[in-house]
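If you want the building blocks of each chain, they are given just below.
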Amino acid sequence: MKESEPVGEAVARTVRALRSEHAWSLDQLAGRAGVSKGVLVALEQGRGNPNLGTLVRIADALGVPLTRLVQVEEEPPVRVFPADRHVVLWRGPSGGRGTLLAGSDPRPSVELWEWEIQPGEPHESDAHIPGTREIAYVERGTLTLTVDGKRHVIGTGTAVVFAGDRPHSYGNEHDEVCRFFLAVLDL
């Protein structure tokens, strides 16, 4: 097997998958990337030997780094994040914590968090990149969610979806610990 064959197969597989995710025809991607349809057909069939400039234009059109196109190893269909890989990324002044349980990459990416906020604790969050959405489910207690300066009280058993690309904060203005799960979708 030639050394370039695995890379060609990776490029073919990745370009086909990303074009499909965008719901673009070969003509649409060719137009966006400034390459001929014939070049794309050959590339998606694992034939041909595109130059670096062509690959860069295709990666830019698809909105991914060049490394994504030439990544030989596919992401496994299942990634397990055992408890010892969970990372506490926020600690509140009264013992609260925000723990990143799992995340996917590259974009669009999803993160799954477990939060525990003690009474009186706030957590301010900067606006994320444009298009980011967050979903929270309050398992216990009451979450005070503030988005764009507007306060929302979210009780036990309630879920909320909000724009994470705006300034927001999580708080606990009650006497009971607030525990919630948060998914962050970074489009």
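No experiment lies behind these values; they were computed from the predicted model shown.

Chemist: Just to check I follow, could you spell out unusual backbone geometry for this structure?
Modeler: Working note: non-glycine residues mostly have negative phi, and peptide bonds are mostly trans. Although it is not a glycine, A23 adopts a positive phi angle of roughly 60°. On the secondary structure map, A23 appears in the loop between α1 (4-22) and α2 (26-33). Backbone geometry at D148 places phi at a positive 55°, although glycine is not the residue there. Following the sequence through the fold, D148 ends up in the loop between β6 (143-147) and β7 (150-154).

Chemist: Can you help me understand the pattern of salt bridges in this one?
Modeler: One side chain can pair with another of opposite charge once the charged atoms of both are near each other. Applying the stated criterion across every chain yields a total of 9 salt bridges. Between R140 and E116 there is a salt bridge, and its shortest N-O distance comes to 4.0 Å. Taken together, the residues R140 in strand β5 (residues 133-140) and E116 in strand β3 (residues 109-117) connect sequence positions 24 residues apart. Residue R140 is classed as partly exposed on the basis of its relative accessible area of 35%. Classification of E116 by relative accessible area gives buried; the value is 15%. For R133, the salt bridge is made with D165, and the minimal N-O distance between the two is 3.7 Å. With R133 in strand β5 and D165 in the loop between β8 (159-163) and β9 (168-171), the pair connects residues that are 32 residues apart, well separated along the chain.

Chemist: What should I look at first to understand the packing of α2 against helix α4 (residues 52-62) in this one?
Modeler: Each pair of packed helices can be summarised by the angle the axes make with each other and by the distance between the axes. Running from amino to carboxyl end, α2 crosses α4 at an angle of 110°, the nearest separation of the two axes being 8 Å. The angle between the axes of α2 and α4 places the two elements in the roughly perpendicular class. Counted together, L29, R32 and A33 of α2 and R57, I58, A61 and L62 of α4 form the full contact between these two elements. Here the residues of the contact of α2 with α4 are counted per class, giving 5 nonpolar, no polar and 2 charged.

Chemist: Would you mind showing me how to read a nonpolar patch on the surface here?
Modeler: Taken together, V110, L185 and L187 make up a surface patch of nonpolar side chains, about 240 Å² in accessible area. One can find L187 in the segment after β10 (178-186).

Chemist: What should I look at first to understand the nonpolar core in this one?
Modeler: General note: in soluble globular proteins, nonpolar side chains tend to be found buried as a group. In terms of nonpolar packing, the biggest core is built from 18 residues, with V15, L29, L40, I58, L62 and L69 touching the most fellow members. For this core, the elements supplying multiple residues, two or more each, are α1, α2, α3 (37-44) and α4. Take this core: its biggest share by element is 5 residues, from α4. Excluding residues that lie within four positions of it along the chain, I58 makes contacts with V15, A33, V35, L40, L43 and L69. Grouped together as the second largest cluster of nonpolar side chains are 17 residues, W115, V138, I154 and V184 included.

Chemist: Please clarify how the pairing of strand β1 (residues 87-91) should be interpreted in this entry.
Modeler: Within a regular beta strand, the side chains point alternately toward one face of the sheet and then the other, so they alternate between its two faces. Bridge count for β1 against strand β2 (residues 97-103) is 4 bridges, and the pairing is antiparallel. Directly across from R91, in β2, lies its bridge partner R97. Between β1 and β2, which pair antiparallel and follow one another directly, the connecting turn spans 5 residues, one of which, G95, has a positive phi of 105°.

Calculation criteria
Positions within a chain are numbered from 1, following the residues in the order the chain's sequence is written. Residue-level local features of this predicted model are given only where pLDDT is at least 70; pairs of side-chain atoms are given and counted only at 80 or more, and the full residue set underlies all totals for whole chains, interfaces and linings. Water and hydrogen atoms were dropped before computing side-chain values, which therefore reflect all heavy atoms in the structure. A helix here means a DSSP run of H or I that spans at least four residues, while a strand means a run of E at least two residues long, and both kinds are numbered starting from the N terminus. Salt bridge, as used here, is a side-chain nitrogen of Lys or Arg placed within 4 Å of a carboxyl oxygen of Asp or Glu. Only protein chains enter the accessibility calculation, which uses a 1.4 Å probe. A residue is then buried if its area is under 20% of the maximum for its type, exposed if over 50%, and partly exposed in between. Every angle, taken between N-to-C directions, lies between 0 and 180 degrees, and every axis is a line fitted to C-alpha atoms, over only the stretch in contact when it is a helix. An angle below 35 degrees is read as roughly parallel, one above 145 as roughly antiparallel, one from 65 to 115 as roughly perpendicular, and any other as oblique. We call two residues in contact when some of their heavy atoms are within 4.5 Å. Amino acids are sorted into nonpolar (Ala, Val, Leu, Ile, Met, Phe, Trp, Tyr, Cys and Pro), charged (Asp, Glu, Lys and Arg) and polar (every other residue, Gly among them). Only residues above 30% relative accessible area that lack a salt bridge enter a patch, with like-charged residues linked at up to 9 Å and the nonpolar side chains Val, Leu, Ile, Met, Phe, Trp and Tyr linked at up to 5 Å. Here the accessible surface of atoms and residues is derived via Shrake-Rupley with a 1.4 Å probe, and residues count as covered only by protein chains that are part of the display. Nonpolar cores are built from buried Ala, Val, Leu, Ile, Met, Phe, Trp, Tyr and Cys residues. Side-chain atoms within 4.5 Å join them into one set. Any two strands are treated as partners once DSSP identifies two or more bridges connecting them.

Note that every value here comes from positions in space, so none of it alone points to a role or purpose.
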